[in-house]
Amino acid sequence: MPTKRTSIHGEWSSRLAFILAATGSAVGLGNIWRFPYIAGENGGGAFVLIYLVCVAVIGVPIMMTEIMLGRRGRRSPINTMLTLAGEEGRSPRWHYVGWAGVVAGFLILSFYSVIGGWTLAYIFRVGAGVFTGATAEGVTSVFDRFVSDPEGLLAWHTVFLTMTMIITARGVRSGLERAVRYLMPALFVLLVIMVGYAMNTAGFGQAFEFLFKPDLGKLKPQGVLAAMGQAFFSLSLGMGAIMVYGSYLQRHASIARTTITIAAADTGVAILAGLAIFPLVFASGLEPEAGSSLIFKTLPLAFGHMPGGRLFGTLFFVLLAFAAWTSAISVIEPMVAWLVENRGHSRVYAAVASGLGAWALGIGTVLSFNLWEDRTLLGQTFFGLLDYLTANILLPLGGLAVAVFGGWMLSRVASRDELGLQGRAYGTWRVLVRYVAPVLVVVVFLDSIGVLDTLLSWVGLPSL
Ligand code: TRP
């Protein structure tokens, strides 16, 4: 029984448009900024391996489920959950999952926009030739000076968020679809060029080993949680972003095929980013554990020395800013869609209102790199806490709820019909989403708080 529902917000013009938009959402700062630095902080190879496993067995089935629920409900995640829960005779409380997503999105946007602002600022620094011939100390001091100025960071954060609000206000089709079509492939090509450059530096062998030779001894339980969190963050899962994009997808597009395309593109970009960045880290004596500043030091260093680096570098940061932009709009779309549906606001009002909230909260992230640098809670700055709370806790919990709802609460008829899968393919999805994904999310949580070892020893099994 296919539903006849349509979305009041419009539809993508084609399956390709959806793939581009969803890839635009997935590919962003998470791949090029966050993946290398989290991998660096967590010891490399083993982290990367676990990350890939998480993408394949948790990310892919949950992404399919989010798209499926979105397309079936055809409304903002909050209302989609409410509608579907009603139809299936489940508790209306399921719609709180949608609310949790809206809250997570708001927290994510607040810091995402600050880092997006950094990429904008770096377009001009690289463009002005600030890094030509720079040393590792040079790029570090430029970065340190840059983040120590709260007013500058605030200004760039404001610019980035304003750009996000403008696109969101204009709606799903105009502008965005077209921009993504050219900019994403361009970013990919530039990244390949960067990898080519990095291959010829002295650090390539060491970087390759760092990224692909798993040393399980270096991996802490927190690293496993970080890998899972990164998979959720990078694939835009667990807060309704992909669900709301799914609600604009035409009825007959294959959800399984689109998901695999998106996940493969997203993972490819992350790996390329790692291969472009770590050789420079090792060749120039920077630290893989440098944290959130990693790419803002390594990339300028590379651009400062490669032929045509000023031009390439400028272009690279332009494309990175674009990738960040196409991600940021997906983070506020669930909020915006809800404000339009339930409060009757125009898209413009909804976009501005959500943006302003995230802007204000973003001030905390701005200050956490300078004036509030030493104000920490649980050893984390304001930015560190937000990042940790969203990626490692809220998104996996959101994903868990999506898996449980899609796998256990939705009837077989509904999921089979919406996914358009038969036989073994459907069976595989169902096993992954009912058992594998939820169990793994729970196991990783228990592992990270040290409960898993205790439980295993109770039942007489060796620890992992
Ligand atoms: N996936 C994006 C990135 O890698 C960020 C992002 C967009 C996101 N939408 C999201 C993260 C929803 C979590 C949830 O940069």
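Values in this document were obtained by computation on a predicted structure and should not be read as measured data.

1. Side note on the overall build of the protein
Assigned secondary structure in the protein consists of 19 helices and 0 strands. Relative to the globule expectation of 23 Å for 464 residues, the C-alpha radius of gyration of the protein, 21 Å, shows essentially globular dimensions. Oriented by its inertia axes, the alpha-carbon framework of the protein measures out at about 65 × 60 × 40 Å. Split into buried and exposed, the 464 residues of the protein put 59% on the buried side. Contacts in the protein between residues at least 24 apart in sequence constitute 83% of all its contacts with a sequence separation of at least 6.

2. Details of helix α18 (residues 423-448)
Between its terminal C-alpha atoms α18 stretches 36 Å, which fits the 38 Å expected from 26 residues at 1.5 Å a residue. Along α18, the helix axis deviates most sharply at Leu432, where the bend reaches about 40 degrees. Phi for Gly450, located one or two positions after α18, is positive at around 80 degrees.

3. Let's talk about the site of the ligand
With respect to spatial proximity, 17 residues lie near the ligand, and among them Ala26, Gly30, Tyr112, Phe233 and Ser236 are the closest. Between Ala26 and the ligand, the recorded distance is 2.9 Å, taken from a backbone N or O atom to an oxygen atom. Between the ligand and Ser234 there is a distance of 3.1 Å, counted from a nitrogen atom to a backbone nitrogen or oxygen. Within the complex, 100% of the 360 Å² of free accessible area of the ligand lies under protein. For the shell around the ligand, the secondary structure elements donating two or more residues are α1 (15-26), α2 (29-41), α5 (95-127), α10 (221-234) and α14 (309-343). In terms of residue class, the shell around the ligand is built from 9 nonpolar, 8 polar and no charged.

4. Some remarks on the side chain of Ser25
Along the chain, Ser25 turns up in helix α1. Of the polar contacts made by the side chain of Ser25, one reaches the side chain of Ser330; its length is 2.8 Å. Excluding its chain neighbours within four sequence positions, the residues that come into contact with Ser25 are Ser236, Ile242, Tyr245, Thr326, Ser327 and Ser330.

5. Section: the pattern of salt bridges
One pass over the structure, following the stated rule, counts 7 salt bridges. Close ionic contact of Asp387 with Arg34 constitutes a salt bridge, the shortest N to O distance being 3.0 Å. One end of the pair, Asp387, is in helix α16 (residues 382-409); the other, Arg34, is in helix α2, and 353 residues separate them in sequence. Per residue, the accessibility class of Asp387 equals that of Arg34, and both read buried. In this structure, the salt-bridge partner of Arg72 is Glu418, at a minimum N-O distance of 2.7 Å. One end of the pair, Arg72, is in helix α3 (residues 45-73); the other, Glu418, is in helix α17 (residues 412-419), with 346 residues separating them in the sequence. Since its relative accessible area comes to 7%, Glu418 is described here as buried.

6. Focus: the environment of Ala169
Locating Ala169 in the fold gives a position in helix α7 (residues 150-170). Between the C-alpha atoms of Ala169 and Ser346, which are 177 residues apart in sequence, the distance is 8.5 Å. Here Ala169 is in contact with Arg347, Val348 and Ala351, once residues within four sequence places are set aside.

7. Digging into the packing of aromatic side chains
Overall, the coordinates contain 36 aromatic pairs when judged by the stated rule. Look at Phe35 and Tyr51: their rings are 5.2 Å apart centre to centre, the planes differ by 50 degrees, and that puts the pair in the tilted class. Of this pair, Phe35 sits in helix α2 while Tyr51 sits in helix α3, and the two are 16 residues apart along the sequence. No difference in accessibility class separates Phe35 from Tyr51, as the two residues are buried.

8. A look at helix α9 (residues 204-212)
Among the residues of α9, Phe204, Ala207, Phe210 and Leu211 are the ones counted as buried. Seen from one end, α9 has its buried residues packed into an arc of 125 degrees, which puts them on one side.

9. Let's talk about the nonpolar core
Phe47 and Trp118 are the most contacted members of the largest nonpolar core, which totals 162 residues. For this core, the leading source of residues is α14, giving 18 residues. The residues contacting Phe47, other than those within four sequence positions of it, are Phe35, Ile38, Ala39, Asn42, Leu219, Gly223, Ala226, Ala227 and Gln230.

10. Quick notes on the side chain of Ser247
As for its placement among the helices and strands, Ser247 is situated in the loop between α11 (241-246) and α12 (255-283). Under the relative-accessibility criterion, Ser247 is labelled buried at 0%. A distance of 2.6 Å separates a polar side-chain atom of Ser247 from the backbone oxygen of Val244. Sequence-distant contacts of Ser247, that is, excluding residues within four places in its chain, are made with Ser7, Gly70, Arg71, Arg74 and Arg75.

11. Here we look at the environment of Phe160
Structurally, the position occupied by Phe160 is in helix α7. Taking the C-alpha atoms as reference, Phe160 lies 35 Å from His252; in sequence the two are 92 residues apart. Those residues in contact with Phe160 that sit more than four places away from it in its chain are Ser113, Gly116, Gly117, Leu120, Ala321, Ala324, Trp325 and Ala328.

12. Regarding the packing of α3 against helix α4 (residues 77-87)
Two numbers describe how α3 lies on α4: the axes approach to 9 Å, and their chain directions differ by 80 degrees. As far as their axial angle goes, α4 and α3 are roughly perpendicular. Residue-level contacts link Leu69, Gly70, Arg72 and Gly73 of α3 to Thr80, Met81 and Leu84 of α4. Taken together, the residues of the contact of α3 with α4 break down into 3 nonpolar, 3 polar and 1 charged.

13. Points about the packing of α2 against helix α13 (residues 294-305)
Where α2 contacts α13, the two axes come as close as 9 Å, and the packing angle between them is 105 degrees. Classified by the angle between their axes, α2 and α13 sit roughly perpendicular to one another. Residues Ile32, Trp33, Pro36 and Tyr37 of α2 touch α13, and the partners they reach there are Leu294, Ile295 and Phe296. Class assignment of the residues belonging to the contact of α2 with α13 gives a composition of 7 nonpolar, no polar and no charged.

Calculation notes
Residues numbered from 1 in each chain as written. Predicted model: local features only at pLDDT ≥ 70, side-chain atom pairs only at ≥ 80, totals over all residues. Heavy atoms only, no water. Helix = DSSP H or I, 4+ residues; strand = E, 2+ residues; numbered from the N terminus. Rg over C-alpha atoms; globule rule 2.2 N^0.38 Å. Buried < 20%, exposed > 50% of the residue type's maximum accessible area, 1.4 Å probe, protein only. Contact = heavy atoms within 4.5 Å. Expected span 1.5 Å × (residues − 1). Bend = angle between axes of the 7 residues up to and from the residue. Near = heavy atom within 4 Å. Polar contact = N/O pair within 3.5 Å; in protein donor to acceptor, adjacent residues only side chain to side chain. Areas by Shrake-Rupley, 256 points an atom, 1.4 Å probe, with all protein chains shown as cover. Nonpolar A, V, L, I, M, F, W, Y, C, P; charged D, E, K, R; others polar. Salt bridge = Lys/Arg side-chain N within 4 Å of Asp/Glu carboxyl O. Phe/Tyr/Trp six-rings, centres within 6.5 Å; stacked < 30°, edge-to-face > 60°. Arc of directions from axis to C-beta. Core = buried A, V, L, I, M, F, W, Y, C linked by side-chain atoms within 4.5 Å. Axes fitted to C-alpha atoms, helices over the stretch in contact; angles between N-to-C directions. Parallel < 35°, antiparallel > 145°, perpendicular 65-115°, else oblique.

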